[in-house]
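If you want the building blocks of each chain, they are given just below.
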Amino acid sequence: MAILVTGGAGYIGSHTCVELLNNDYDIVVLDKLSNSKIDSVNRVKEITGKDFIFEQVDLLEKKKLEKIFTEQKIDAVVHFAGLKAVGESVEKPLVYYRNNVIGAIVLCEVMKNFGVKKLVASSSATVYGTAEQMPISEDTPLGVTNPYGRTKLMVEEILRDLYVSDNAWSIALLRYFNPAGAHESGLIGEDPNGIPTNLIPYITQVAIGKLKEVSIFGNDYPTKDGTGIRDYIHITDLAKGHLKALDKVIGSSGIEAYNLGTGKGYSVQEVIAAFEKASGKKIPYKMVNRRPGDIAVSYADPAKAKRELGWEAEKDFDEMCRDAWKWQRNKMNGFY
Ligand code: NAD
Ligand code: UD1
(Lines give C-alpha, C1' and ligand atoms only; values in the text may rest on other atoms or scores of the structure.)
(Ligands and ions follow the chains in the order given, each with its own letter.)
Protein backbone atom coordinates (compact mmCIF):
# COMPACT_ATOMS: atom_id res chain seq x y z
CA MET A 1 0.00 0.00 0.00
CA ALA A 2 1.57 3.31 -1.08
CA ILE A 3 0.62 6.79 -0.02
CA LEU A 4 1.23 9.63 -2.47
CA VAL A 5 2.48 12.70 -0.60
CA THR A 6 2.16 15.88 -2.67
CA GLY A 7 4.40 18.72 -1.47
CA GLY A 8 6.33 16.13 0.53
CA ALA A 9 9.62 18.02 0.29
CA GLY A 10 8.14 21.02 2.10
CA TYR A 11 8.06 21.89 5.79
CA ILE A 12 4.98 19.96 6.95
CA GLY A 13 5.27 17.35 4.19
CA SER A 14 8.83 16.30 5.06
CA HIS A 15 7.97 15.84 8.75
CA THR A 16 4.89 13.83 7.82
CA CYS A 17 6.98 11.63 5.49
CA VAL A 18 9.22 10.79 8.47
CA GLU A 19 6.22 9.70 10.54
CA LEU A 20 4.72 7.71 7.65
CA LEU A 21 7.99 5.86 7.03
CA ASN A 22 8.51 5.25 10.75
CA ASN A 23 5.07 3.64 10.76
CA ASP A 24 5.93 1.35 7.83
CA TYR A 25 3.94 3.06 5.12
CA ASP A 26 5.35 2.99 1.61
CA ILE A 27 5.36 6.49 0.19
CA VAL A 28 5.78 8.19 -3.16
CA VAL A 29 6.69 11.87 -2.86
CA LEU A 30 5.76 14.43 -5.48
CA ASP A 31 7.06 18.00 -5.30
CA LYS A 32 8.06 20.59 -7.86
CA LEU A 33 10.63 22.00 -5.40
CA SER A 34 9.41 25.58 -5.80
CA ASN A 35 9.63 26.23 -2.06
CA SER A 36 11.85 23.38 -0.93
CA LYS A 37 15.07 21.59 -1.79
CA ILE A 38 15.95 18.03 -2.67
CA ASP A 39 18.09 18.02 0.51
CA SER A 40 14.97 17.69 2.66
CA VAL A 41 13.98 14.54 0.74
CA ASN A 42 17.46 13.11 1.30
CA ARG A 43 17.35 13.96 5.00
CA VAL A 44 14.01 12.21 5.41
CA LYS A 45 15.76 9.12 4.03
CA GLU A 46 18.67 9.69 6.42
CA ILE A 47 16.44 10.10 9.51
CA THR A 48 14.35 7.02 8.77
CA GLY A 49 16.95 4.82 7.05
CA LYS A 50 14.29 4.12 4.40
CA ASP A 51 14.15 4.75 0.69
CA PHE A 52 11.21 5.92 -1.42
CA ILE A 53 10.40 7.26 -4.87
CA PHE A 54 10.66 11.00 -5.36
CA GLU A 55 9.14 12.66 -8.44
CA GLN A 56 9.93 16.28 -9.23
CA VAL A 57 6.60 17.04 -10.82
CA ASP A 58 4.20 19.97 -10.84
CA LEU A 59 0.72 18.91 -9.77
CA LEU A 60 -0.68 20.80 -12.72
CA GLU A 61 1.12 18.51 -15.16
CA LYS A 62 -1.72 16.03 -15.43
CA LYS A 63 0.02 13.58 -17.76
CA LYS A 64 2.96 13.22 -15.38
CA LEU A 65 0.61 12.75 -12.48
CA GLU A 66 -1.26 10.04 -14.39
CA LYS A 67 2.05 8.34 -15.11
CA ILE A 68 2.75 8.15 -11.37
CA PHE A 69 -0.67 6.61 -10.74
CA THR A 70 -0.10 4.16 -13.60
CA GLU A 71 3.32 3.06 -12.41
CA GLN A 72 2.71 3.02 -8.65
CA LYS A 73 -0.05 1.37 -6.69
CA ILE A 74 -1.39 4.45 -4.92
CA ASP A 75 -4.00 3.73 -2.25
CA ALA A 76 -4.42 7.16 -0.68
CA VAL A 77 -3.10 10.70 -0.99
CA VAL A 78 -1.85 13.21 1.57
CA HIS A 79 -2.01 16.56 -0.18
CA PHE A 80 0.28 19.38 1.00
CA ALA A 81 1.40 20.93 -2.31
CA GLY A 82 0.43 24.57 -2.35
CA LEU A 83 1.55 28.15 -2.07
CA LYS A 84 1.08 29.63 1.40
CA ALA A 85 2.27 33.25 1.67
CA VAL A 86 -0.63 35.55 2.55
CA GLY A 87 1.05 38.77 1.34
CA GLU A 88 2.15 37.21 -1.95
CA SER A 89 -1.38 35.92 -2.54
CA VAL A 90 -2.68 39.49 -2.36
CA GLU A 91 -0.11 40.54 -5.00
CA LYS A 92 -0.56 37.49 -7.25
CA PRO A 93 -4.06 36.10 -6.73
CA LEU A 94 -4.20 34.31 -10.10
CA VAL A 95 -0.99 32.43 -9.34
CA TYR A 96 -2.54 31.28 -6.05
CA TYR A 97 -5.90 30.27 -7.54
CA ARG A 98 -4.18 28.38 -10.38
CA ASN A 99 -1.72 26.56 -8.17
CA ASN A 100 -3.84 25.80 -5.13
CA VAL A 101 -7.33 25.42 -6.59
CA ILE A 102 -6.60 24.03 -10.04
CA GLY A 103 -3.83 21.89 -8.53
CA ALA A 104 -6.37 20.27 -6.18
CA ILE A 105 -8.85 19.78 -9.02
CA VAL A 106 -6.25 18.09 -11.25
CA LEU A 107 -5.25 15.85 -8.35
CA CYS A 108 -8.85 14.82 -7.68
CA GLU A 109 -9.55 14.21 -11.38
CA VAL A 110 -6.62 11.82 -11.58
CA MET A 111 -7.52 10.14 -8.27
CA LYS A 112 -11.09 9.66 -9.52
CA ASN A 113 -9.93 8.18 -12.85
CA PHE A 114 -7.73 5.71 -10.99
CA GLY A 115 -10.40 4.88 -8.40
CA VAL A 116 -8.35 6.31 -5.51
CA LYS A 117 -10.80 8.11 -3.23
CA LYS A 118 -8.99 8.45 0.08
CA LEU A 119 -7.55 11.90 0.73
CA VAL A 120 -6.06 13.85 3.62
CA ALA A 121 -5.78 17.50 2.62
CA SER A 122 -4.03 20.52 4.18
CA SER A 123 -6.43 23.26 5.11
CA SER A 124 -5.72 26.05 7.57
CA ALA A 125 -7.16 27.91 10.54
CA THR A 126 -7.15 30.83 8.13
CA VAL A 127 -10.59 29.57 6.96
CA TYR A 128 -12.01 30.90 10.25
CA GLY A 129 -11.07 34.46 9.20
CA THR A 130 -11.69 36.89 12.02
CA ALA A 131 -13.39 34.48 14.42
CA GLU A 132 -14.17 36.14 17.72
CA GLN A 133 -15.33 33.21 19.86
CA MET A 134 -12.45 31.29 21.44
CA PRO A 135 -11.53 28.49 21.36
CA ILE A 136 -12.32 27.92 17.69
CA SER A 137 -14.27 24.73 17.03
CA GLU A 138 -14.90 23.25 13.58
CA ASP A 139 -18.45 24.60 13.46
CA THR A 140 -17.32 28.21 13.89
CA PRO A 141 -18.60 30.18 10.87
CA LEU A 142 -16.03 30.37 8.09
CA GLY A 143 -14.87 33.56 6.40
CA VAL A 144 -11.62 34.46 4.74
CA THR A 145 -9.78 37.74 4.38
CA ASN A 146 -7.22 37.16 1.62
CA PRO A 147 -6.74 35.16 -1.62
CA TYR A 148 -4.59 32.49 0.08
CA GLY A 149 -7.34 31.83 2.62
CA ARG A 150 -9.91 31.81 -0.17
CA THR A 151 -7.99 29.07 -2.02
CA LYS A 152 -8.12 26.95 1.14
CA LEU A 153 -11.84 27.54 1.61
CA MET A 154 -12.57 26.92 -2.09
CA VAL A 155 -10.73 23.61 -2.00
CA GLU A 156 -12.67 22.57 1.12
CA GLU A 157 -15.93 23.36 -0.71
CA ILE A 158 -14.87 21.59 -3.91
CA LEU A 159 -14.03 18.49 -1.89
CA ARG A 160 -17.41 18.62 -0.13
CA ASP A 161 -19.16 18.78 -3.51
CA LEU A 162 -17.06 15.88 -4.70
CA TYR A 163 -18.17 13.80 -1.73
CA VAL A 164 -21.83 14.70 -2.34
CA SER A 165 -21.44 13.51 -5.95
CA ASP A 166 -19.89 10.21 -4.89
CA ASN A 167 -20.16 8.93 -1.31
CA ALA A 168 -17.30 6.51 -1.85
CA TRP A 169 -14.84 9.35 -1.24
CA SER A 170 -13.25 9.60 2.17
CA ILE A 171 -11.66 12.95 2.94
CA ALA A 172 -10.12 14.63 5.98
CA LEU A 173 -9.65 18.40 5.87
CA LEU A 174 -6.97 19.32 8.39
CA ARG A 175 -7.13 22.88 9.63
CA TYR A 176 -3.70 23.64 11.05
CA PHE A 177 -3.20 26.36 13.61
CA ASN A 178 0.40 27.70 13.81
CA PRO A 179 2.92 24.95 12.97
CA ALA A 180 6.38 25.59 14.42
CA GLY A 181 9.58 23.87 15.54
CA ALA A 182 11.55 21.20 13.76
CA HIS A 183 12.33 17.49 13.87
CA GLU A 184 14.21 16.57 17.07
CA SER A 185 17.19 15.40 14.96
CA GLY A 186 17.76 18.97 13.79
CA LEU A 187 18.03 17.60 10.24
CA ILE A 188 14.79 19.00 8.81
CA GLY A 189 12.82 22.11 9.65
CA GLU A 190 11.28 25.22 8.20
CA ASP A 191 13.44 26.93 5.60
CA PRO A 192 11.68 30.12 4.53
CA ASN A 193 12.86 32.00 1.45
CA GLY A 194 14.07 35.53 2.23
CA ILE A 195 13.02 37.33 5.39
CA PRO A 196 10.50 35.21 7.32
CA THR A 197 7.01 36.61 7.77
CA ASN A 198 6.02 34.17 10.52
CA LEU A 199 6.97 34.91 14.12
CA ILE A 200 8.99 31.84 15.13
CA PRO A 201 11.35 31.66 12.12
CA TYR A 202 11.83 35.41 12.49
CA ILE A 203 12.79 35.00 16.16
CA THR A 204 15.24 32.18 15.40
CA GLN A 205 17.00 34.38 12.84
CA VAL A 206 17.26 37.21 15.38
CA ALA A 207 18.69 34.76 17.92
CA ILE A 208 21.35 33.61 15.48
CA GLY A 209 22.26 37.22 14.63
CA LYS A 210 21.00 37.18 11.05
CA LEU A 211 18.28 39.74 11.80
CA LYS A 212 18.59 42.65 14.25
CA GLU A 213 15.41 42.62 16.29
CA VAL A 214 11.84 41.35 16.34
CA SER A 215 9.12 43.87 15.53
CA ILE A 216 6.11 43.09 17.71
CA PHE A 217 3.06 43.89 15.63
CA GLY A 218 0.89 45.69 18.17
CA ASN A 219 0.81 45.80 21.97
CA ASP A 220 -2.67 47.26 22.27
CA TYR A 221 -4.70 44.10 21.69
CA PRO A 222 -7.20 43.10 24.40
CA THR A 223 -4.90 40.32 25.64
CA LYS A 224 -2.98 39.77 28.90
CA ASP A 225 0.11 41.72 27.72
CA GLY A 226 -1.41 43.50 24.71
CA THR A 227 0.33 41.30 22.09
CA GLY A 228 -1.32 38.78 19.75
CA ILE A 229 -2.09 35.26 20.97
CA ARG A 230 -1.72 32.14 18.79
CA ASP A 231 -1.87 28.36 19.11
CA TYR A 232 1.62 27.12 18.17
CA ILE A 233 1.78 23.41 17.45
CA HIS A 234 4.96 21.34 17.29
CA ILE A 235 5.54 20.17 13.72
CA THR A 236 6.01 16.54 14.81
CA ASP A 237 2.65 16.54 16.60
CA LEU A 238 1.10 18.04 13.49
CA ALA A 239 2.73 15.37 11.30
CA LYS A 240 1.36 12.63 13.57
CA GLY A 241 -2.12 14.08 13.14
CA HIS A 242 -1.90 13.17 9.44
CA LEU A 243 -1.33 9.51 10.28
CA LYS A 244 -4.40 9.46 12.49
CA ALA A 245 -6.42 11.16 9.75
CA LEU A 246 -5.11 8.65 7.25
CA ASP A 247 -6.25 5.77 9.50
CA LYS A 248 -9.68 7.38 9.59
CA VAL A 249 -10.04 7.91 5.83
CA ILE A 250 -8.72 4.44 5.02
CA GLY A 251 -11.25 2.84 7.36
CA SER A 252 -14.39 4.79 6.37
CA SER A 253 -16.00 7.17 3.91
CA GLY A 254 -17.25 10.72 4.41
CA ILE A 255 -15.77 14.20 4.66
CA GLU A 256 -14.80 15.85 7.92
CA ALA A 257 -12.77 18.88 8.97
CA TYR A 258 -10.48 18.68 12.00
CA ASN A 259 -8.61 21.36 13.89
CA LEU A 260 -4.98 20.45 14.55
CA GLY A 261 -3.91 22.70 17.37
CA THR A 262 -2.98 22.41 21.04
CA GLY A 263 -5.88 24.38 22.49
CA LYS A 264 -3.41 26.70 24.26
CA GLY A 265 -2.54 30.24 23.26
CA TYR A 266 0.77 32.09 23.76
CA SER A 267 1.32 35.81 23.33
CA VAL A 268 4.15 37.21 21.21
CA GLN A 269 5.93 38.29 24.40
CA GLU A 270 5.57 34.82 25.89
CA VAL A 271 7.00 33.31 22.71
CA ILE A 272 10.01 35.62 22.88
CA ALA A 273 10.57 34.81 26.58
CA ALA A 274 10.33 31.04 25.95
CA PHE A 275 12.73 31.31 23.05
CA GLU A 276 15.23 33.28 25.15
CA LYS A 277 15.11 30.43 27.67
CA ALA A 278 15.56 27.76 25.00
CA SER A 279 18.43 29.49 23.24
CA GLY A 280 20.14 31.25 26.12
CA LYS A 281 20.18 34.35 23.88
CA LYS A 282 18.68 37.77 24.46
CA ILE A 283 16.08 38.51 21.77
CA PRO A 284 15.90 42.26 21.16
CA TYR A 285 12.49 43.55 20.15
CA LYS A 286 10.58 46.76 19.48
CA MET A 287 6.89 47.56 19.45
CA VAL A 288 5.44 48.63 16.10
CA ASN A 289 1.94 49.10 14.71
CA ARG A 290 -0.46 46.20 14.27
CA ARG A 291 -0.04 44.21 11.03
CA PRO A 292 -3.11 44.77 8.84
CA GLY A 293 -5.37 41.73 8.79
CA ASP A 294 -4.11 40.26 12.08
CA ILE A 295 -6.54 39.21 14.76
CA ALA A 296 -5.96 39.51 18.50
CA VAL A 297 -6.41 35.90 19.54
CA SER A 298 -6.61 32.53 17.80
CA TYR A 299 -6.52 29.12 19.42
CA ALA A 300 -8.13 25.81 18.64
CA ASP A 301 -10.69 23.65 20.27
CA PRO A 302 -8.97 20.36 19.35
CA ALA A 303 -11.64 18.12 20.98
CA LYS A 304 -13.02 16.74 17.70
CA ALA A 305 -9.61 15.45 16.58
CA LYS A 306 -9.16 13.82 19.97
CA ARG A 307 -12.61 12.27 19.95
CA GLU A 308 -12.75 11.08 16.33
CA LEU A 309 -9.09 10.59 15.38
CA GLY A 310 -7.62 9.72 18.78
CA TRP A 311 -5.04 12.49 18.26
CA GLU A 312 -3.81 15.22 20.55
CA ALA A 313 -0.67 17.33 20.69
CA GLU A 314 1.92 15.88 23.08
CA LYS A 315 4.97 18.09 22.87
CA ASP A 316 5.17 21.23 24.95
CA PHE A 317 5.98 24.75 23.96
CA ASP A 318 9.52 24.75 25.39
CA GLU A 319 10.38 21.63 23.38
CA MET A 320 9.13 23.36 20.26
CA CYS A 321 11.42 26.34 20.91
CA ARG A 322 14.40 24.04 21.64
CA ASP A 323 13.88 22.10 18.40
CA ALA A 324 13.44 25.28 16.34
CA TRP A 325 16.69 26.58 17.83
CA LYS A 326 18.60 23.35 17.17
CA TRP A 327 17.55 23.41 13.51
CA GLN A 328 18.48 27.09 13.11
CA ARG A 329 21.91 26.55 14.70
CA ASN A 330 22.64 23.55 12.49
CA LYS A 331 21.81 25.57 9.40
CA MET A 332 23.91 28.53 10.51
CA ASN A 333 26.91 26.39 11.37
CA GLY A 334 27.19 25.40 7.74
CA PHE A 335 25.74 21.98 8.42
CA TYR A 336 23.55 22.44 5.33
P1 NAD B 1 5.95 24.46 2.08
O2 NAD B 1 6.01 25.59 1.11
O3 NAD B 1 7.13 24.22 2.94
O4 NAD B 1 5.59 23.10 1.33
C5 NAD B 1 4.74 23.06 0.22
C6 NAD B 1 5.44 22.25 -0.86
O7 NAD B 1 4.59 22.14 -2.00
C8 NAD B 1 6.75 22.89 -1.34
O9 NAD B 1 7.79 21.95 -1.21
C10 NAD B 1 6.48 23.27 -2.79
O11 NAD B 1 7.63 23.12 -3.60
C12 NAD B 1 5.38 22.29 -3.18
N13 NAD B 1 4.46 22.75 -4.22
C14 NAD B 1 3.75 23.90 -4.29
N15 NAD B 1 2.99 23.91 -5.38
C16 NAD B 1 3.20 22.75 -6.04
C17 NAD B 1 2.71 22.17 -7.24
N18 NAD B 1 1.85 22.83 -8.01
N19 NAD B 1 3.16 20.97 -7.61
C20 NAD B 1 4.07 20.29 -6.85
N21 NAD B 1 4.59 20.77 -5.70
C22 NAD B 1 4.15 21.99 -5.31
O23 NAD B 1 4.64 24.70 2.97
P24 NAD B 1 4.16 23.95 4.27
O25 NAD B 1 4.30 24.88 5.41
O26 NAD B 1 4.76 22.61 4.36
O27 NAD B 1 2.60 23.84 3.95
C28 NAD B 1 2.01 22.65 3.43
C29 NAD B 1 0.52 22.89 3.25
O30 NAD B 1 -0.04 23.23 4.51
C31 NAD B 1 0.17 24.01 2.28
O32 NAD B 1 -0.97 23.60 1.55
C33 NAD B 1 -0.17 25.16 3.19
O34 NAD B 1 -1.08 26.05 2.61
C35 NAD B 1 -0.77 24.45 4.38
N36 NAD B 1 -0.65 25.21 5.64
C37 NAD B 1 0.58 25.59 6.09
C38 NAD B 1 0.68 26.31 7.27
C39 NAD B 1 2.02 26.76 7.81
O40 NAD B 1 2.06 27.61 8.66
N41 NAD B 1 3.14 26.20 7.39
C42 NAD B 1 -0.47 26.65 8.00
C43 NAD B 1 -1.70 26.24 7.51
C44 NAD B 1 -1.79 25.51 6.33
C1 UD1 C 1 0.01 33.50 9.52
C2 UD1 C 1 -0.88 33.70 8.32
C3 UD1 C 1 -1.90 32.57 8.26
C4 UD1 C 1 -1.21 31.22 8.24
C5 UD1 C 1 -0.31 31.13 9.48
C6 UD1 C 1 0.44 29.83 9.45
C7 UD1 C 1 -0.97 36.11 7.99
C8 UD1 C 1 -1.79 37.36 8.09
N9 UD1 C 1 -1.54 34.99 8.45
O10 UD1 C 1 -0.80 33.53 10.68
O11 UD1 C 1 -2.68 32.68 7.10
O12 UD1 C 1 -2.15 30.16 8.26
O13 UD1 C 1 0.61 32.23 9.46
O14 UD1 C 1 1.52 29.80 10.25
O15 UD1 C 1 0.15 36.15 7.51
N16 UD1 C 1 4.12 38.71 14.78
C17 UD1 C 1 4.92 39.74 15.26
N18 UD1 C 1 6.08 39.99 14.59
C19 UD1 C 1 6.49 39.29 13.48
C20 UD1 C 1 5.67 38.24 13.02
C21 UD1 C 1 4.47 37.98 13.68
O22 UD1 C 1 4.60 40.39 16.24
O23 UD1 C 1 7.56 39.61 12.92
C24 UD1 C 1 2.89 38.36 15.54
C25 UD1 C 1 1.61 38.42 14.73
O26 UD1 C 1 1.02 39.69 14.81
C27 UD1 C 1 0.77 37.32 15.42
C28 UD1 C 1 1.81 36.29 15.87
O29 UD1 C 1 3.04 37.00 15.93
O30 UD1 C 1 0.15 37.84 16.56
C31 UD1 C 1 1.95 35.12 14.92
O32 UD1 C 1 2.17 35.59 13.60
P33 UD1 C 1 2.51 34.60 12.40
O34 UD1 C 1 3.57 33.66 12.79
O35 UD1 C 1 2.74 35.45 11.18
O36 UD1 C 1 1.18 33.74 12.21
P37 UD1 C 1 -0.34 34.22 12.01
O38 UD1 C 1 -0.43 35.68 11.80
O39 UD1 C 1 -1.15 33.62 13.09
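Heads up: the structure comes first, above all this text.
1. Overview of the site of ligand 2
Part 1 of the reasoning: Residues in close proximity to ligand 2 total 18 residues, the closest being Leu199, Ser215, Arg230, Arg291 and Asp294.
Part 2 of the reasoning: Within the contact set of ligand 2, an oxygen atom lies 3.0 Å away from a side-chain nitrogen or oxygen of asparagine 178.
Part 3 of the reasoning: Between arginine 291 and ligand 2, the recorded distance is 2.8 Å, taken from a side-chain N or O atom to an oxygen atom.
Part 4 of the reasoning: Protein burial of ligand 2: of its 730 Å² of free accessible surface, 86% is covered by the chains.
Part 5 of the reasoning: Every element with two or more residues in the shell around ligand 2 is listed here: β7 (178-180) and β8 (214-217).
Part 6 of the reasoning: Looking at which element gives the most residues to the shell around ligand 2, the answer is β8, with 3 residues.
Part 7 of the reasoning: Its residues assigned to classes, the shell around ligand 2 comprises 8 nonpolar, 7 polar and 3 charged.

2. Re the packing of helix α5 (residues 93-113) against helix α6 (residues 147-165)
Part 1 of the reasoning: The geometry of α5 relative to α6 is characterised by a closest axis approach of 9 Å and an angle of 20° between their N-to-C directions. If you check the angle between α5 and α6, you find them roughly parallel. As for how α5 packs across α6, the hand of that crossing is right-handed. Of α6, the residues touching α5 (which contributes Pro93, Tyr96, Tyr97, Asn100, Val101, Ala104, Ile105 and Cys108) are Pro147, Tyr148, Arg150, Thr151, Met154, Val155, Ile158, Leu159 and Leu162.
Part 2 of the reasoning: For the contact of α5 with α6, the residue count by class is 14 nonpolar, 2 polar and 1 charged.

3. Side note on the environment of serine 267
Part 1 of the reasoning: Mapped onto the secondary structure, serine 267 falls in strand β12 (residues 266-267).
Part 2 of the reasoning: The spacing of serine 267 and lysine 224 is 43 residues in sequence and 8.1 Å in space, taken between C-alpha atoms.
Part 3 of the reasoning: In this structure serine 267 touches Asp225, Thr227, Gly228 and Ile229, once residues within four positions along its chain are discounted.

About the cut-offs
- Residues numbered from 1 in each chain as written.
- Chains lettered and ligands numbered in written order.
- Predicted model: local features only at pLDDT ≥ 70, side-chain atom pairs only at ≥ 80, totals over all residues.
- Heavy atoms only, no water.
- Near = heavy atom within 4 Å.
- Polar contact = N/O pair within 3.5 Å; in protein donor to acceptor, adjacent residues only side chain to side chain.
- Areas by Shrake-Rupley, 256 points an atom, 1.4 Å probe, with all protein chains shown as cover.
- Helix = DSSP H or I, 4+ residues; strand = E, 2+ residues; numbered from the N terminus.
- Nonpolar A, V, L, I, M, F, W, Y, C, P; charged D, E, K, R; others polar.
- Axes fitted to C-alpha atoms, helices over the stretch in contact; angles between N-to-C directions.
- Parallel < 35°, antiparallel > 145°, perpendicular 65-115°, else oblique.
- Left-handed = near helix turned anticlockwise from the far one by under 90°.
- Contact = heavy atoms within 4.5 Å.

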